[in-house]
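# Structure at a glance
Here is what each chain is made of, one letter per residue.
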There are 2 protein chains.
Amino acid sequence: MRCSECKEEAIIKIPYAHKYLCKEHFIQWFENRVEKTVRKYNMLEGTRKLAIAVSGGKDSTTLLHVMTKIAEKEGIEIIGITIDLGIDMGKRYSVKSVEYAIKNYEMLGVKYRIVKLKEEYGFTIDEAKVKIRRPVCSTCGLTKRYILEKVAKEEGADTLATGHNLNDIAQYVLTGYYNGDILSLARLRPVSPAENGYIKKIKPLFLSPEKEIMTYALVKGIPFIYDSCPHTFRVGGETQDNIRRSIEEMEDKIPGFMISLVTNFEEKFRPLMEDIPKGSLGKCKICGMPTNKDREICSFCAIRMKLTEVKVNS
Amino acid sequence: MRCSECKEEAIIKIPYAHKYLCKEHFIQWFENRVEKTVRKYNMLEGTRKLAIAVSGGKDSTTLLHVMTKIAEKEGIEIIGITIDLGIDMGKRYSVKSVEYAIKNYEMLGVKYRIVKLKEEYGFTIDEAKVKIRRPVCSTCGLTKRYILEKVAKEEGADTLATGHNLNDIAQYVLTGYYNGDILSLARLRPVSPAENGYIKKIKPLFLSPEKEIMTYALVKGIPFIYDSCPHTFRVGGETQDNIRRSIEEMEDKIPGFMISLVTNFEEKFRPLMEDIPKGSLGKCKICGMPTNKDREICSFCAIRMKLTEVKVNS
């Protein structure tokens, strides 16, 4: 097929936009769409320094490339944050992920900070998997959210961008509708304003399908770790994965299904949830970060205490 | 497999309830579940005469059988309503459907009324398909809602029961989430109370999966028309059908998906839509029935005027 914009050979079909695009026009289209999303939801309003969470995977490295361009135009300072989670499993997964992140930072000349979980907090995700009962993906998610929040603030950033893509968000939305988790849905936003001690968070890729992100990373020659986290093999076949696959199958049958599900959630249904109480927030007695649900100690410090077997505040 | 309740051979698996059931225990289970649903949502509160819409298909004939039992216990009078829609398409579809409905009325000794669309309103659905631009399924749905409402009132019923099953409702819910149709979702209820001139409407099978209804009809030997409406072949492959198939695939992978989606909609999300304005209602200048959206003439009378080419009020 030929590109809908020129006579070059197309490299991708965008079914929901009825377009075939060549390499150059796809890059332009992809970047424009992210920029439009950023502007439509006023993601960078009031932002002076933007922290970008970069794991080394396709989503976050693409995010880094696109946001660096946008931030430059806007005169916004950027800092990359990468966490060495200590995931090895015989595959050097974290070591390689961090290497890929650094390659991108250096390609783009972006300042960055690498946080080594073991050195700074005394444990690795592999250790957490063995030593505590919580599902490892839950521990890992909690750890990443905690450290990103903390380090972004330490670096003087006022906004934190993460690489959640359209498929991720569609999965969260349908899962929330399915299991009635109104509290999670009320919090699921493209822009979460700074409140209750939390930094402003943005998801610039929340309308970008995974397939487009992968294609963008490949055609731009962005270095990224292709492997999946070795722990994710353990949660295969579960409800979340089934819902994700079903959504992707629906997208194939009904092009634009994911965008419609997500934008209608954001524009029509989430506003109905504005008044849902978010739970009272306090400060963790150990680290001073915000805690949920009137807990004295935040979940991260609780996990850390269990894993390091020392009193964190001693 | 053996029945989970006795040693008989099981005829059906109920994956979301982790049960295998024999014929007798399945009949008991199915009827109990419908009765529990009727009671949980107070469907028959204040009902003295119940109209049941019977098309002759598996859902409505099953509804008639189960509700006749429940109504007897409660001392509630029943009237069946069947519409001869004039769908032929070389297959005598409406003629056969009406015959099946009558077989059931007579089996159960239930009073009934047959409404012949052509004789009483001057047109058939087959004619509407050819003569007016509106999709035939939309005209048919509108016609059925209008006539059922009108005839139920004429017969002195205070409540109208329809055979919408769990798969139907799950499809409506997901379609509404997908296309952001908040007005339709706000109106989608197991019990729609009498208001604005409309009769109370109930959906006793809204938590019964299609597969269970089909099995019930077959094992009880309920006569029903197995053929699909000949017009539905024309809408195959469209969004609604794709969504329905996807939901059924999700149910296979995640047993209980449909029940969870629908009950969480009803219990968690629809209450958020209570305040959504339903649109102001007036009375049709021709027939006196309620009209939507400040129209002088209701949609049914407008269609009827076009089709019969006479002024209905002359």
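Residues numbered from 1 in each chain as written. Chains lettered and ligands numbered in written order. Predicted model: local features only at pLDDT ≥ 70, side-chain atom pairs only at ≥ 80, totals over all residues. Heavy atoms only, no water.

### Observations regarding the domain arrangement of chain A
Residue and element names in this part refer to chain A. On domain assignment, one finds that chain A holds domain 1 (40-278) and domain 2 (280-314). Here the C-alpha centre of domain 2 lies 23 Å away from the C-alpha centre of domain 1. Counting from both sides, the interface comprises 20 residues of domain 1 and, opposite them, 15 residues of domain 2. Counting each side, the surface lost to burial between domain 1 and domain 2 is near 1500 Å², with a carbon and sulfur contribution of 77%. The interface formed by domain 1 and domain 2 includes 0 salt bridges. Counting across the domain 1 and domain 2 interface gives 1 residue pair in polar contact (both at pLDDT 80 or more). At the level of elements, α4 (117-121), α5 (125-131) and α6 (136-154) are the ones that each hand at least two residues to the side of domain 1 that touches domain 2. (Domains from an automatic or database assignment. Contact = heavy atoms within 4.5 Å. Buried area = accessible area lost by both parts, 1.4 Å probe. Salt bridge = Lys/Arg side-chain N within 4 Å of Asp/Glu carboxyl O. Polar contact = N/O pair within 3.5 Å; in protein donor to acceptor, adjacent residues only side chain to side chain. Helix = DSSP H or I, 4+ residues; strand = E, 2+ residues; numbered from the N terminus.)

### Section: the pairing of strand β4 (residues 77-84) of chain A
Residues and elements named next belong to chain A. Taking burial as the measure, the 8 residues of β4 include 7 buried ones, the bulk of the element. As paired elements, strand β3 (residues 49-53) and β4 share 5 bridges and run parallel to each other. Within β4, the position partnered with Leu50 by the bridge is Ile78. Viewed along the sheet, the connection from β3 through helix α2 (residues 58-74) into β4 turns out right-handed. (Buried < 20%, exposed > 50% of the residue type's maximum accessible area, 1.4 Å probe, protein only. Pairing = 2+ DSSP bridges. Right-handed = clockwise from strand over helix to strand, strands pointing away.)

### Describing the relation of the copies chain A and chain B
Between the two copies, chain A and chain B, the superposition gives an RMSD of 0.0 Å; the rotation angle is 180° and the shift along the axis is 0.0 Å. As the rotation angle and translation indicate, the two copies are arranged about a two-fold axis. Proximity to the rotation axis, assessed at the C-alpha, singles out Leu272 of chain A in chain A; its C-alpha lies 3.0 Å from the axis. When the interface residues of chain A are mapped onto chain B, 100% of them are again interface residues, pointing to one common binding face. (Least-squares fit on C-alpha atoms with pLDDT ≥ 70 in both.)

### With respect to the sheet that holds strand β8 (residues 200-202) of chain B
All names here are of chain B. Within the open sheet, the 6 strands sit side by side as β5-β4-β3-β6-β8-β7. Their pairing is mixed. For this open sheet the edge positions go to β5 (111-116) and β7 (191-192), each flanked by a neighbour on one side alone. Inspection of the sheet shows strand β6 (residues 159-161) paired to β8 by 3 bridges, in the parallel sense. Within β8, the residue paired with Ala161 across the bridge is Ile202. On the sheet, helix α3 (residues 93-108) packs against β3 (49-53), β4 (77-84) and β5 and is oriented at approximately 165° with respect to β4. In this fold helix α6 (residues 136-154) packs onto β3, β4, β5, β6 and β8, with an angle of close to 145° to the strand it touches most, β4. (Axes fitted to C-alpha atoms, helices over the stretch in contact; angles between N-to-C directions.)

### A closer look at the sheet that holds strand β5 (residues 111-116) of chain A
Either a parallel or an antiparallel arrangement is found when strands of a sheet pair, and the pairing is made through backbone hydrogen bonds. All names here are of chain A. Ordered in space as β5-β4-β3-β6-β8-β7, the 6 strands form an open sheet in which the pairing is mixed. Bordering the open sheet on either side are β5 and β7 (191-192), each of which pairs with just one other strand. With 3 bridges connecting them, β3 and strand β6 (residues 159-161) associate as parallel partners. Of the residues in β6, the one forming a bridge with Leu50 is Thr159. Relative to β4, helix α3 (residues 93-108) is tilted by about 165°, and along the sheet it contacts β3, β4 and β5.

### A short note on the nonpolar core
Membership of the largest hydrophobic core comes to 127 residues, with the highest contact counts inside it found for Tyr177 of chain A together with Tyr177 of chain B. When residues no more than four places from it in sequence are discounted, the contact partners of Tyr177 of chain B are Tyr177, Leu261, Asn264 and Phe269 of chain A together with Leu185, Leu261, Phe265 and Phe269 of chain B. (Core = buried A, V, L, I, M, F, W, Y, C linked by side-chain atoms within 4.5 Å.)

### Observations regarding the UniProt feature "domain: 2-thiouridine synthetase TtuA-like N-terminal LIM" (unreviewed entry) in chain A
Listed under "domain: 2-thiouridine synthetase TtuA-like N-terminal LIM" (unreviewed entry) in the UniProt record, and renumbered for this structure, are residues 2-27 of chain A. Within residues 2-27 of chain A, the helical portion is 19% and the strand portion 23%, while the C-alpha atoms at the span's ends are 16 Å from each other. (UniProt positions renumbered as here; feature names shortened; annotations may be inferred.)

### What about the interface of chain A and chain B?
If you look at the interface, chain A gives 24 residues, while chain B gives 24 residues. Surface buried jointly by chain A and chain B totals about 2400 Å² across both partners, of which 70% is contributed by carbon and sulfur atoms. For Glu249 of chain B, the salt bridge identified is with Lys253 of chain A, shortest N-O distance 3.7 Å. Looking at the side of chain A that touches chain B, the elements that each hand over two or more residues are α7 (166-179), α8 (182-187), α10 (239-253) and α11 (257-269) of chain A.

### What to know about the packing of α2 of chain A against helix α9 (residues 210-219) of chain A
All names here are of chain A. The interhelical angle for the contact between α2 and α9, taken along N-to-C directions, is 65°, at an axis separation of 9 Å. Comparing their axes, α9 and α2 come out roughly perpendicular. Helix-helix and strand crossings are classified by hand; for α2 and α9 the assignment is left-handed. Taken together, the residues of α9 that come into contact with α2 (itself represented by Lys58, Asp59, Thr62 and Val66) are Glu210, Ile213, Met214, Tyr216 and Ala217. (Parallel < 35°, antiparallel > 145°, perpendicular 65-115°, else oblique. Left-handed = near helix turned anticlockwise from the far one by under 90°.)

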